[in-house]
Amino acid sequence: MTLAERDAQIIWHPYTQMQTAGLPVGIVRGEGALLFDENGKEYIDAVSSWWVNLYGHAHPHIAKKIAEQLTKLEHVIFAGFTHQPAVELAERLLTIIPDNQKRVFYSDNGSTAIEVAIKMCLQYWHNQGKSRTKMLAFKNAYHGDTFGAMAVSGRSAFTAAFDNLLFEVEFIDLPTRENIEDLKSHISHLKSDLACFIFEPLIQGSGGMIMYEAEWLDELLKHCKAENVLTIDDEVFTGFGRTGKPFACDYLTEQPDIMCFSKGLTGGTMALGVTTCTSEIYNMFLSDDKMKTLFHGHSFTANPIACTAALASMDLFISEETKGNIKRIKEQHSLFKAKVEKHPKVRTARQTGTIVALEWETGNSTSYLSPLRDRLYNYFLEAGIVLRPLGNIVYILPPYCITNDQLNYIYTKIFDALNEI
Ligand SMILES: *Cc1c(COP(=O)(O)O)cnc(C)c1O
């Protein structure tokens, strides 16, 4: 039996309707932007394996550092103990994010990084004896799949089965020149109940690669600061160069109170989450009263192998080669966007940094569950490209090592699909 057949008997896959999904593709090896399946077919990983991979698969530098670390220390309890990779990663991370971020809290993944951020905000107020429990988030937001992260995400097909169990969140529109004053007065109206405002900066990824302008986000953040509402910048997706700058918040003048990282943090090699915060938030948990402790932790908090992967990834992130690659992908994407947006089957196309997305004209149905999505997915897979459209939104989110030839092949196949489907 093939890997795929053995899998199909016993495994339940994420975000997959198991009754109608075809056999999974059994991958045996990866190199650069390519994945190789058990039948020897190769695929270009045009979605960076769910947005995590930055420098290519099985990167030798990351592999070497991990192998060395494995012979020194694989894991140790992180309460009462520490280790070199965790300390060095915290030190290095704090030098490349906004300078108001002073403390690093580790967890396992993006959703847990968000859970920690939410709990920091709620308890920040609780520790002062204040009741501020309402959260502010954007419509169509996505912050993860655990309950707290799901609660601050837009209500959608993803959350429908749980909607009545999710805590109360005030959802607002993305800010624009037209609505900014309304949004500000709405926040002012709610402020004494608001614990925090959580946002995906510049791009709502899972929501459909919806892009909005830094200028108006900056205005909102400025207003939150003035009204004493804490802000959480979810850089789980946008971090580490995706938007063309190291972090999406580098397009802003305002600094968030809390930041969340995962996905590209380890170059896509290991599961790791980080939540950082200001001294002001951290200090609110310091007390002789043990009830003011942040009671949160995971078995694998600050796993040394994952921290080592993140450190090796950071070496690659700051290299000239990576900067050059990000610039090159941006340029290639913008040439593609200019061409593809003229195609009659394209409703709109948009780009931020290394991410380009187009909306397929469908006449009517545009939901995440649209049948067009499966046809497109299979079409590209057949052509040796991993693209996972979000409904009728097709996006390319490549690892930075992707070559121009590989990009051009993807662009060509997208044009073919536009003409044929
Ligand atoms: C993917 C994602 C998360 C959740 O991260 P996981 O590691 O998948 O739990 C949170 N926020 C944003 C913006 C994301 O894109």
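Residues numbered from 1 in each chain as written. Predicted model: local features only at pLDDT ≥ 70, side-chain atom pairs only at ≥ 80, totals over all residues. Heavy atoms only, no water.

- Under an unreviewed UniProt entry, the name given to the protein chain is Adenosylmethionine-8-amino-7-oxononanoate aminotransferase, and the organism recorded is Mucilaginibacter agri.
- Here is the UniProt Catalytic activity (unreviewed entry) comment for the protein chain, exactly as written: "(8S)-8-amino-7-oxononanoate + S-adenosyl-L-methionine = S-adenosyl-4-methylsulfanyl-2-oxobutanoate + (7R,8S)-7,8-diammoniononanoate".
- Taken from UniProt, the Cofactor (unreviewed entry) comment for the protein chain reads in full: "pyridoxal 5'-phosphate". (UniProt positions renumbered as here; feature names shortened; annotations may be inferred.)

1. Here's the deal with the environment of Ile-44
Next up, step 1: The residue Ile-44 is located in strand β3 (residues 42-45) in this model.
Next up, step 2: With 363 residues separating them in the primary sequence, Ile-44 and Leu-407 have C-alpha atoms 9.1 Å apart.
Next up, step 3: Those residues in contact with Ile-44 that sit more than four places away from it in its chain are Ala-33, Leu-34, Gly-384, Ile-385, Val-386, Ile-402, Gln-406, Tyr-409 and Ile-410. (Helix = DSSP H or I, 4+ residues; strand = E, 2+ residues; numbered from the N terminus. Contact = heavy atoms within 4.5 Å.)

2. Focus: the site of the ligand
Next up, step 1: With respect to spatial proximity, the complete set of residues near the ligand consists of Trp-51, Asn-109, Gly-110, Ser-111, Tyr-142, His-143, Gly-144, Glu-200, Asp-234, Val-236, Phe-237 and Lys-263.
Next up, step 2: Within the side chain of Asp-234, one N or O atom sits 2.7 Å away from a nitrogen atom of the ligand.
Next up, step 3: One nitrogen or oxygen atom from the side chain of Lys-263 is found 2.7 Å from an oxygen atom belonging to the ligand. (Near = heavy atom within 4 Å. Polar contact = N/O pair within 3.5 Å; in protein donor to acceptor, adjacent residues only side chain to side chain.)

3. Things to note about unusual backbone geometry
Leaving glycine out, the prevailing phi sign among residues is negative, and the prevailing peptide bond configuration is trans.
Next up, step 1: Positive phi, close to 50 degrees, is recorded for Ser-49, a residue that is not glycine.
Next up, step 2: Taking relative accessible area as the criterion, Ser-49 reaches 32% and is therefore assigned partly exposed.
Next up, step 3: Here the phi dihedral of Phe-240 falls at roughly 65 degrees; this positive angle occurs in a residue that is not glycine.
Next up, step 4: Looking at the secondary structure, you find Phe-240 in the loop between β10 (230-234) and β11 (258-261). (Buried < 20%, exposed > 50% of the residue type's maximum accessible area, 1.4 Å probe, protein only.)

4. Overview of the environment of Ile-305
Next up, step 1: Locating Ile-305 in the fold gives a position in helix α10 (residues 304-317).
Next up, step 2: What Ile-305 contacts, discounting residues up to four positions off in sequence, is Ile-66, Gln-69, Leu-70, Leu-73, Glu-74 and Met-270.

5. Description of the UniProt feature "binding site: pyridoxal 5'-phosphate" (unreviewed entry) in the protein chain
Next up, step 1: According to UniProt, the feature "binding site: pyridoxal 5'-phosphate" (unreviewed entry) maps to Gly-110, Ser-111, Asp-234, His-298 and Ser-299 in the numbering used here. Across 190 residues of sequence, these annotated residues are also dispersed in space, with a maximum C-alpha separation of 23.0 Å.
Next up, step 2: Sequence-distant contacts of Asp-234, that is, excluding residues within four places in its chain, are made with Ile-114, Tyr-142, His-143, Phe-199, Glu-200, Pro-201 and Cys-260.
Next up, step 3: On the secondary structure map, His-298 appears in the loop between α9 (279-283) and α10.
Next up, step 4: Looking at His-298, the relative accessible area reads 25%, which means it is partly exposed.
Next up, step 5: Excluding residues that lie within four positions of it along the chain, His-298 makes contacts with Ser-107, Asp-108 and Thr-112.
Next up, step 6: Here the side chain of His-298 touches His-296 through a polar contact of 2.9 Å, side chain to side chain.

6. Observations concerning the packing of helix α12 (residues 371-382) against helix α13 (residues 404-420)
Next up, step 1: Interaxial distance between α12 and α13 falls to 11 Å at its minimum, and their mutual angle equals 135 degrees. As summarised for this structure, α12 and α13 are arranged oblique, according to the angle between their axes. Viewed along their axes, α12 and α13 form a crossing whose handedness is right-handed. Seen from α12, the contacting residues are Leu-376, Tyr-379 and Phe-380; seen from α13, they are Lys-413, Ile-414, Asp-416, Ala-417 and Glu-420.
Next up, step 2: Per-class residue counts for the contact of α12 with α13 are five nonpolar, no polar and three charged. (Axes fitted to C-alpha atoms, helices over the stretch in contact; angles between N-to-C directions. Parallel < 35°, antiparallel > 145°, perpendicular 65-115°, else oblique. Left-handed = near helix turned anticlockwise from the far one by under 90°. Nonpolar A, V, L, I, M, F, W, Y, C, P; charged D, E, K, R; others polar.)

7. Considerations on the side chain of Thr-243
Next up, step 1: Position of Thr-243 among the secondary structure elements: in the loop between β10 and β11.
Next up, step 2: Residue Thr-243 is classed as buried on the basis of its relative accessible area, which comes to 0%.
Next up, step 3: Look past the residues within four positions of Thr-243 in its chain and what remains in contact with it is Ile-203, Thr-238, Ala-248, Tyr-251, Thr-352 and Gly-353.

8. Considering helix α11 (residues 320-340)
Next up, step 1: Between the first and last C-alpha of α11 there are 30 Å, a value that for 21 residues agrees with the 30 Å anticipated at 1.5 Å per step.
Next up, step 2: Among the residues of α11, those classed as buried are Thr-322, Asn-325, Ile-326, Arg-328, Ile-329, Gln-332, His-333, Phe-336 and Val-340. Down the axis of α11, the sector holding all buried residues measures 165 degrees, keeping them to one side. Across α11 from its buried face, at more than 90 degrees, point the exposed residues Glu-320, Lys-327 and Leu-335.
Next up, step 3: Buried-residue contacts for α11 involve α10, β13 (346-352), β14 (355-360), β16 (393-396) and α13. (Expected span 1.5 Å × (residues − 1). Arc of directions from axis to C-beta.)

9. Focus: helix α4 (residues 84-96)
Next up, step 1: A rise of 1.5 Å per residue sets the reference length of α4, with its 13 residues, at 18 Å; its end C-alpha atoms lie 19 Å apart and thus fit the reference within 8%.
Next up, step 2: Every buried residue of α4 is accounted for by Pro-85, Ala-86, Leu-89, Ala-90 and Leu-93. For α4, the arc enclosing every buried residue in end-on projection is 130 degrees, short of the 170-degree limit, so these residues lie on one face. With respect to the buried face of α4, the exposed residues turned more than 90 degrees away are Glu-91 and Thr-95.

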